[in-house]
Every structure is written in structure tokens, then in C-alpha cells.
Amino acid sequence: ITVPNAVNIRKRIEVLRGGTNLPRYEGYYWYPGAWRGHIREYVEGDLRQMTEFLGLEIVELRGCDHMLEKVPPRLRSPYLAVTSIFQGWKDSWLLIARKPAAWKPRRTLPDGEIAHILGKASSYQYER
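What comes next concerns the included structure.

### Here we look at the packing of aromatic side chains
Move 1: Following the criterion strictly, the structure yields 1 aromatic pair and no others.
Move 2: For the ring pair F86 and W89, a centre distance of 4.6 Å and an interplane angle of 25° mean the geometry is stacked.
Move 3: On the accessibility criterion, W89 (25% relative accessible area) is partly exposed.

Written out as C-alpha cells, the structure reads:
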């Protein structure tokens, strides 16, 4: 899978300039029908947790560039130079994972695990 990186360098700079790291508001507001944009963008730790929760083995997890056209042409070379050193600043993440032998999906959590994950202050009740 590839997913947008919630903390890539372009977004960090835009937020520091007072902008947003989200899609342009008018595009979201006026979008015809149901919004089909990203609901969540990920950081490396999210993807590591996801593979753990799914019981998968990570084959490869690295930053990649799927939205290079959003970087102004005159800044692409410096962008590529810096993000080759700091992979976590790339615009997207690439995750390749595999199911181990005898893999089975995890459909439920042990009693109390949801409360532990969400915190004791949560009123969430886990029902099987």
C-alpha cells in the first residue's frame, strides 16, 4: 500500500507559513456527493502498528514520492536531496507486508484490551 505521509516536509512548511496540511477547503466544501478524499493520513508508527494488529510481517516500509508535482519545479532538486536523507519527510509511505504461514485474521480483542487502548477515562464498552 501507499498512503500520504501526514508529516511530510511540504506539509510542515505549509503549516509553519500559516496554511493547512489538508486539501483546499473550497474543494472539500463544494465537492459534489460524498467526500472521497483522505480521512486519515499516516505516520510511520501508524503503519507499524497496523501491521502488528493485522499480524503481518513488514517486508518494506519507506518514504516515497507520489505527489512530487505539488513541489514547485525550482524546489524539486533540493526537496529530493533533503528527503533522500530524511525519509520521514517524503510525501508518502510505501508499505509492503506479508502474511506469515498459518496467518488468520484477528477478529476480536481480549477482554479489557479496548479499555487499555482507549484509556480508563473512556466510556467505550467493548461487546462481542
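Next, the rest of the story.
### Considerations on the sheet that holds strand 1 (residues 2-4)
Move 1: What the 3 strands build is an open sheet, ordered 1-3-2; its pairing is antiparallel. Because the sheet does not close on itself, it has two edges, and the strands there are strand 1 and strand 2 (57-64). Strand-to-strand twist of the sheet, defined as the mean angle between neighbouring strand axes without regard to direction, takes the value 20°.
Move 2: Relative to strand 3 (residues 92-98), strand 2 runs antiparallel, the two being bridged by 7 bridges. Residue pairing across strands places E57 opposite R98, the latter belonging to strand 3.
Move 3: Of the strands in this sheet, strand 1, strand 2 and strand 3 are in contact with helix 3 (residues 44-54), which crosses strand 3 at around 15°.

### With respect to the pairing of strand 3
Move 1: Across 3 bridges, strand 1 lies against strand 3 in antiparallel orientation. Paired with P4 across the strands is S92, a residue of strand 3.

What counts, and at which threshold
Along every chain, residues carry numbers that run from 1 in the direction the sequence is written. pLDDT decides what is reported in this predicted model: residues at 70 or higher carry local features, side-chain atom pairs at 80 or more are listed and counted, and totals for whole chains, interfaces and linings draw on all residues regardless. Side-chain figures throughout are based on the complete set of non-hydrogen atoms in the structure, without hydrogens or water. Stacked, edge-to-face and tilted labels apply to pairs of Phe, Tyr and Trp rings (six-membered ring for Trp) whose centres lie within 6.5 Å, assigned for plane angles under 30 degrees, over 60, and everything in between, in that order. The classification of residues rests on relative accessible area computed with a 1.4 Å probe and restricted to protein chains. Under 20% of the type maximum is buried, over 50% is exposed, and intermediate values are partly exposed. Any two strands with at least two DSSP bridges between them are considered paired. Secondary structure elements are defined from DSSP: runs of H or I of at least 4 residues count as helices, runs of E of at least 2 residues count as strands, and each element is numbered from the N terminus. To get an axis, fit a line to the C-alpha atoms, keeping to the stretch in contact for a helix; angles then go from 0 to 180 degrees between the N-to-C directions. Note on contacts: a residue pair is in contact if any heavy atoms of the two residues lie within 4.5 Å.

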